[in-house]
Amino acid sequence: PGGCAFRKTSDRYWAWPVDSRVRVVRKGVIETHAGNGRCADPQPGNARSAALCTPGLVAVDPNGLVYVAQRNGASWIARIDRTGALTTIGGTFVVGGMAVDAGGNLVAADANTGTVVRFPAAGVTSPPTVLVSNLGAVRALTVGADGSIYVVRSGIPSGSGIWTVVRLRPTR
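The rules behind the values
Every chain is numbered independently, its residues counted from 1 as its sequence is written. A pLDDT threshold of at least 70 governs which residues receive local features in this predicted model, and a stricter bar of 80 or more applies before side-chain atom pairs are shown or counted, although totals over entire chains, interfaces and linings include all residues. Computation of side-chain values: all heavy atoms of the structure, hydrogens and water removed. Helix and strand labels come from DSSP, where a helix needs a run of H or I of at least four residues and a strand needs a run of E of at least two; each type is numbered from the N terminus. Each residue's exposure class comes from its accessible area (1.4 Å probe, protein chains only) as a fraction of the maximum for that residue type: buried when under 20%, exposed when over 50%, partly exposed otherwise. Between two residues, a contact is recorded if the distance between any of their heavy atoms is within 4.5 Å. The accessible surface values rely on the Shrake-Rupley method and a 1.4 Å probe; as for residues, cover is taken only from the protein chains in view. Charged residues are defined here as Lys and Arg on the positive side and Asp and Glu on the negative side; His and the ends of the chain fall outside this count. A charge is said to be at NZ when it belongs to Lys, at CZ for Arg, at CG for Asp and at CD for Glu. When two rings of Phe, Tyr or Trp (its six-membered ring) have centres within 6.5 Å they constitute a pair, described as stacked for plane angles under 30 degrees, edge-to-face for angles over 60, and tilted for the intermediate range. In this scheme, the term charge over a ring applies when either NZ of a lysine or CZ of an arginine sits within 6 Å of the ring centre and within 35 degrees of the ring normal. For salt bridges, the criterion is a side-chain nitrogen of Lys or Arg within 4 Å of an Asp or Glu carboxyl oxygen. By this definition, two strands are paired if DSSP reports at least two bridges between them. Only C-alpha atoms enter the line fits that serve as axes; for helices the fit covers just the stretch in contact. Angles between N-to-C directions range over 0 to 180 degrees.

Peer 1: Tell me about the overall build of the chain, and name the residues and values.
Peer 2: On a plain count of helices and strands, the chain comes out with zero helices and 16 strands. The buried share among the 172 residues of the chain stands at 46%. When contacts within the chain are restricted to residue pairs at least 6 apart in sequence, long-range pairs at least 24 apart make up 31% of them. For the chain, the accessible area works out to roughly 8700 Å², and carbon and sulfur atoms hold 54% of it. A gap of 4 Å separates the mean positions of the 18 positive and 9 negative side-chain charges of the chain.

Take a look at the structure:
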């Protein structure tokens, strides 16, 4: 499996890149939440019948929206609502990490450019906001309870093989 995310309801979501699906574990039962097993960029519609090519990252917001991203290559980010409808919300960068903040906003980082962006909460149609650029090769990202964004990056200084964690403090 790839990335995982947890809901307060104790549901656990797992990205399975090998079979192009997202699984959910509810009350000990494993089910397919999204993906039909075919590798292709997702198209809007029913999440279970959608093709997902190598989903590697997953995040869940407080209201049960599930975000899925391709880990490598020509990336995409898809949102799955509680009815099972899938829409794509991003697809212009290689996702190195993503998480949902307390306000329901999706925070994602470009693995190649080190740009961190915030997509507005569901239902808001404005484009993502760039929070910071040029962090280097982003490998993971999470959001703390206080709203701080923690970014794991590698190769800083360039080619060193050193991994570092950067804390981005929330703006108030």
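Peer 1: Give a detailed account of the packing of aromatic side chains, specifying residues and quantitative values.
Peer 2: On inspection of all chains with the given rule, the structure shows zero aromatic pairs. One cation-aromatic arrangement involves Arg23 over Trp16; the distance from NZ or CZ to the ring centre is 5.9 Å.

Peer 1: So what's going on with the pattern of salt bridges? Which residues, and what values?
Peer 2: By the definition in use, this model includes seven salt bridges. Residue Asp11 is joined to Arg26 by a salt bridge in which the shortest nitrogen-to-oxygen separation is 3.2 Å. Of this pair, Asp11 sits in the loop between β1 (4-6) and β2 (12-16) while Arg26 sits in strand β3 (residues 21-26); the two residues are 15 residues apart in sequence, bridging distant segments of the chain. Between Arg26 and Glu31 there is a salt bridge; the shortest N-O distance is 3.1 Å. For Arg26, a relative accessible area of 28% puts it in the partly exposed group. Here the salt bridges do not stand alone but share partners, grouping Asp11, Arg26, Glu31 and Arg48 into one network.

Peer 1: Break down the sheet that holds strand β14 (residues 137-143) for me, citing the residues and quoting the values.
Peer 2: Ordered in space as β14-β15-β16, the three strands form an open sheet in which the pairing is antiparallel. Two strands bound the open sheet, and with one partner strand each, they are β14 and β16 (163-168). Taken pair by pair, the neighbouring strands of this sheet meet at an average axis angle of 20 degrees, ignoring direction. Two strands pair when backbone bridges link them, and β14 and strand β15 (residues 149-154) are joined in this way by six bridges, in the antiparallel orientation. The residue bridging Ala137 from the neighbouring strand is Ser154, located in β15.

Peer 1: Account for unusual backbone geometry, with residues named and values stated.
Peer 2: The backbone of Lys27 shows a phi angle near 50 degrees, a positive value even though the residue is not glycine. Residue classification places Lys27 among the exposed positions, given a relative accessible area of 87%. Within the chain, Thr54 stands out as a residue other than glycine whose phi angle is a positive 45 degrees. On the basis of relative accessible area, Thr54 is assigned to the partly exposed category, the value being 31%.

Peer 1: Outline the sheet that holds β3, listing residues and values.
Peer 2: One open sheet accounts for four strands, arranged β1-β2-β3-β4; its pairing is antiparallel. The open sheet has two edge strands with one neighbour each: β1 and β4 (29-34). Looking at each pair of strands side by side, their axes are set apart by 25 degrees on average, direction ignored. Note: β3 against β4, five bridges, orientation antiparallel. In the strand pairing of β4, Val25 is matched with Ile30.

Peer 1: Explain the pairing of β2 to me, using residue names and the numbers behind them.
Peer 2: Side chains of β2 alternate between two faces, with Tyr13 and Ala15 buried and Arg12, Trp14 and Trp16 left unburied. Strand direction decides the pairing type here: β1 and β2, joined by three bridges, are antiparallel. Across the sheet, the residue bridging to Ala5 is Tyr13, located in β2. The antiparallel hairpin formed by β1 and β2 contains five residues in its connecting segment, where Ser10 sits at a positive phi of about 80 degrees. Taken together, β2 and the strand that follows it, β3, pair antiparallel across an intervening segment of four residues, in which Ser20 is found at a positive phi of about 55 degrees.

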